[in-house]
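What the coordinates show
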Amino acid sequence: MQEEVKKLRDLINYHNNRYYNLDSPEISDAEYDKLLRELILLEEKYPELKDENSPTQKVGGNVYEKFETYRHSLPMLSVDNVFNESELFEFDIRLRKNLKKEDEILYTVEPKMDGVAVEVIYERGNLVRALTRGDGTIGEVVTENIKTIPSIPLTLLKNSKYNIPELLEVRGEVFISHKNFEKLNSERKAEGSAIFANPRNAAAGSLRQLNSSITKKRNLEVFMYGAGLIEGIEINTQKELFTALKSFGFKINPLNRFQVSIKEVISFYEKLEAERKNLPYDIDGIVIKVDDINLQKNLGVKTKSYRWAFAYKFESIEETASLIDIKVQVGRTGVLTPVAILEPVSVGGVMVERATLHNFDEIKRLDIKIGDKVFIKRAGDVIPKIVKPIKHLRTGKEIDFKVPDHCPSCKVNLEKGKDTLLRCKNKECMAQIVERIKHFVSKQAFNIEGFGSKLVEQFVKNKLIFSYSDIFKITKEDIINFKNMGEKKADNLISSIENSKEITFSKFIYALGLNHFGEYLSNLVAEKFENFETLKNTTREDFEAVYGIGTIAADSITSFFKDEENLKEIDKLFERGVKLVYKKQENSNLLSGKSFCITGTLSFITRSKAEDKIVELGGTIKKSVSKNLSFLIAGDSPGSKLDKAKNLNVPILSEQEFKQLILF
Ligand code: IVH
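Residues numbered from 1 in each chain as written. Predicted model: local features only at pLDDT ≥ 70, side-chain atom pairs only at ≥ 80, totals over all residues. Heavy atoms only, no water.

1. Let's talk about the overall build of the chain
A tally of regular secondary structure across the chain gives 24 helices and 24 strands. Its C-alpha atoms give the chain a radius of gyration of 27 Å, near enough to 26 Å, the size a compact globule of 664 residues would have. Overall, the chain is about 80 × 75 × 50 Å in size when its C-alpha atoms are taken along their principal axes. Burial status across the chain gives 48% buried among its 664 residues. Restricting the contact set of the chain to residue pairs at least 6 apart, pairs at least 24 apart contribute 68%. Accessible surface computed for the chain: about 33,500 Å², of which carbon and sulfur atoms make up 49%. With 102 positive and 98 negative side-chain charges, the chain shows a separation of 2 Å between the mean positions of the two kinds. (Helix = DSSP H or I, 4+ residues; strand = E, 2+ residues; numbered from the N terminus. Rg over C-alpha atoms; globule rule 2.2 N^0.38 Å. Buried < 20%, exposed > 50% of the residue type's maximum accessible area, 1.4 Å probe, protein only. Contact = heavy atoms within 4.5 Å. Areas by Shrake-Rupley, 256 points an atom, 1.4 Å probe, with all protein chains shown as cover. Lys, Arg positive; Asp, Glu negative; His and termini not counted. Charge placed at Lys NZ, Arg CZ, Asp CG, Glu CD.)

In structure tokens:
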């Protein structure tokens, strides 16, 4: 069953990505809803398979994060894996058979970088476009962001070995070093943003920023490892390709080895596996490629992968650590979860000090005690996990973890629900209030800029905020004496709060923090039900009739709206100026078909809010000026984009004109 659920999740995630990120769905909404409903039913039936990252909880891809998409001239396929030495030899034998080759095949071997694949395209030596891998066929245009990576040449270097080709599509892996990953996460922690689970997610997130100045600050790096189409120069081997790429000014991993035998591939693997811990970036194996490009062509491709390249992955890195404590966290809905607190240890170069334990049964299953030495693992894309305790190292001083019978924050007695989760039912529990408010102000909800976790904690501790609506009566006087506050920050926070009041229906529903309502369900409900009045009067049966809403979610939303307290609280939000924006309003198509690019600083709205607004009204955002652009919005001290727009006769809107346009 686990396999089935996983497959279904993968499939839904795939279609989500097609829909939200690539703008090219392959199935109808109804077919999609059917898949989702199937998953919801399975998760209800087998609660032990629930996962906070399941698409029923949350859907990848922010609707507003629009990137243009573009087709790769040659698809970016993936590589198949071999899992052990003998499979590697078999691979070599198979290729020789296919090629009817008596003598040895020579290979290129490279570390398999654990980052994000990109393709950067140069026409007559000039960088014209950069794409993510996307689904392999169509990628997202991330040109501006790629240009922020220092090692990417904007024009190819002239050199004595190779002429500048007519067309060069270079492929490589964008990554973030351990050092920069740690730095980024500690900054995010300080400002109360969610931290990245691992360097790969950080690299992917940084590459998909709408604002390239943020990408720039992330210090991304790249190693180039291949090519798409090449026109105008002749390349015969993988080795030659690397020489050419190097001479044009690209960064190549110095660990690569060229034209080696299959035996040498194995010793490369072993050496690299031993070195892996000391590398300043994540790798997850090696990639082995046939060196001779003619042979590559003879071997050809399968549907999804190349016949001439293989990956040989490493085992996931395990380390030992001391389990100092098991803390109990109270979530926004009152559910208690245990978290392992570890003595900080570096796992494959990344410092780890916490590990997930999922639920209390996991502690029993693993049979761990506080004070144990444990094996931990940071495998692929998951947050560190405890593998098992090292029992023979026990001294007798280890302590059994006691499942709490009262809430660690407010001390009330706990209740165990049908779903076997432990809950604190006290709505006034401080820890719950903090988590609820954090959720309410988060990016996916009211998006109140500058309202980080630390600040939320201060408000709640100082008894200035008990419920959502309290946020909208905060005054400057309330906060001016807070730690690390000051005049300017206080003013900014007050104006961020003011600016957040106009909110889309779906973000509003999400902000309310109903049990089981992540971004996906909130979106769904906002689309299916006309407005808030209708929503709050909908019956359980009508909710259940919607594909995608299961009994659990239907129960959750009906009981939420039955609760007088909740309704009173929502009324207060409206009284204090919260205004819902409905997508289906007439103006939602006001800007449809029009593209906008912003340059310079806007004074009445932040850039990201302005972009949100444009997308909300049906327009699209462009990061650069081209002759097809509908409007350039020029704020204060505009850059070279203004000149370019003037040259290309692109209409220019002043800040004032733009303001009138969106506020009509
Ligand atoms: S070559 C054969 N070389 O691993 C051409 N890929 O499925 C295919 N990767 O997501 C890619 N380091 O982004 C190649 N040195 C390397 C690589 C590498 C990492 C990634 C690549 C892709 C996956 C292969």
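That shown, we press on.
2. Thoughts on the side chain of Lys613
Within the secondary structure layout, Lys613 lies in helix α22 (residues 607–616). Note on Lys613: relative accessible area 14%, which makes it buried. Among all residues touching Lys613, those that are not within four sequence positions of it are Glu502 and Ile662.

3. Thoughts on the site of the ligand
Residues in contact with the ligand amount to 14 residues; listed here are only the nearest, Glu110, Lys112, Met113, Glu173 and Tyr225. The side chain of Glu173 places a nitrogen or oxygen atom 2.3 Å from an oxygen atom of the ligand. Burial of the ligand by the protein chains amounts to 87% of its free accessible area of 510 Å². Mapped by element, the contributors of at least two residues to the shell around the ligand are β2 (78–82), β3 (107–113), β10 (283–290) and β11 (305–313). (Near = heavy atom within 4 Å. Polar contact = N/O pair within 3.5 Å; in protein donor to acceptor, adjacent residues only side chain to side chain.)

4. A closer look at the pairing of strand β23 (residues 631–634)
With 4 bridges connecting them, strand β21 (residues 595–599) and β23 associate as parallel partners. Looking at β23, one finds that Thr599 is bridged to Ala634. When β23 meets strand β24 (residues 652–654), the two strands line up parallel, connected through 3 bridges. Within β24, the position partnered with Ile633 by the bridge is Leu653. At this point the chain moves from β23, through helix α23 (residues 640–647), to the parallel β24, and the crossover so formed is right-handed. (Pairing = 2+ DSSP bridges. Right-handed = clockwise from strand over helix to strand, strands pointing away.)

5. Looking at the packing of aromatic side chains
According to the stated counting rule, one finds 28 aromatic pairs in the structure shown. When the ring of Phe440 is compared with that of Phe472, the centres are 6.3 Å apart and the planes differ by 70°; the resulting orientation is edge-to-face. Taken together, the residues span a long stretch of sequence, with Phe440 in helix α12 (residues 430–441) and Phe472 in the loop between α13 (453–461) and α14 (476–479) at a distance of 32 residues. One exposure class covers both Phe440 and Phe472, and it is buried. On the basis of an interplanar angle of 55° and a centroid distance of 5.7 Å, the ring pair of Phe446 and Phe472 is categorised as tilted. Of this pair, Phe446 sits in the loop between α12 and α13 while Phe472 is found in the loop between α13 and α14, placing the two residues 26 residues apart along the sequence. Judged by relative accessible area, Phe446 falls into the buried class, the value being 3%. For Phe472, a relative accessible area of 10% corresponds to the buried category. Taken together, the ring pairs connect Phe440, Phe446, Tyr468, Phe472, Phe508, Phe532, Phe560, Phe561 and Phe574 into an aromatic cluster. (Phe/Tyr/Trp six-rings, centres within 6.5 Å; stacked < 30°, edge-to-face > 60°.)

6. A word on the sheet that holds β21
The strand order across the open sheet formed by 4 strands is β22-β21-β23-β24, and the pairing between neighbours is parallel. The sheet is open, and its two edges are formed by β22 (620–621) and β24, each paired on a single side. Each of β21, β23 and β24 is contacted by α23, which is oriented at about 145° to β23, the strand it contacts most. (Axes fitted to C-alpha atoms, helices over the stretch in contact; angles between N-to-C directions.)

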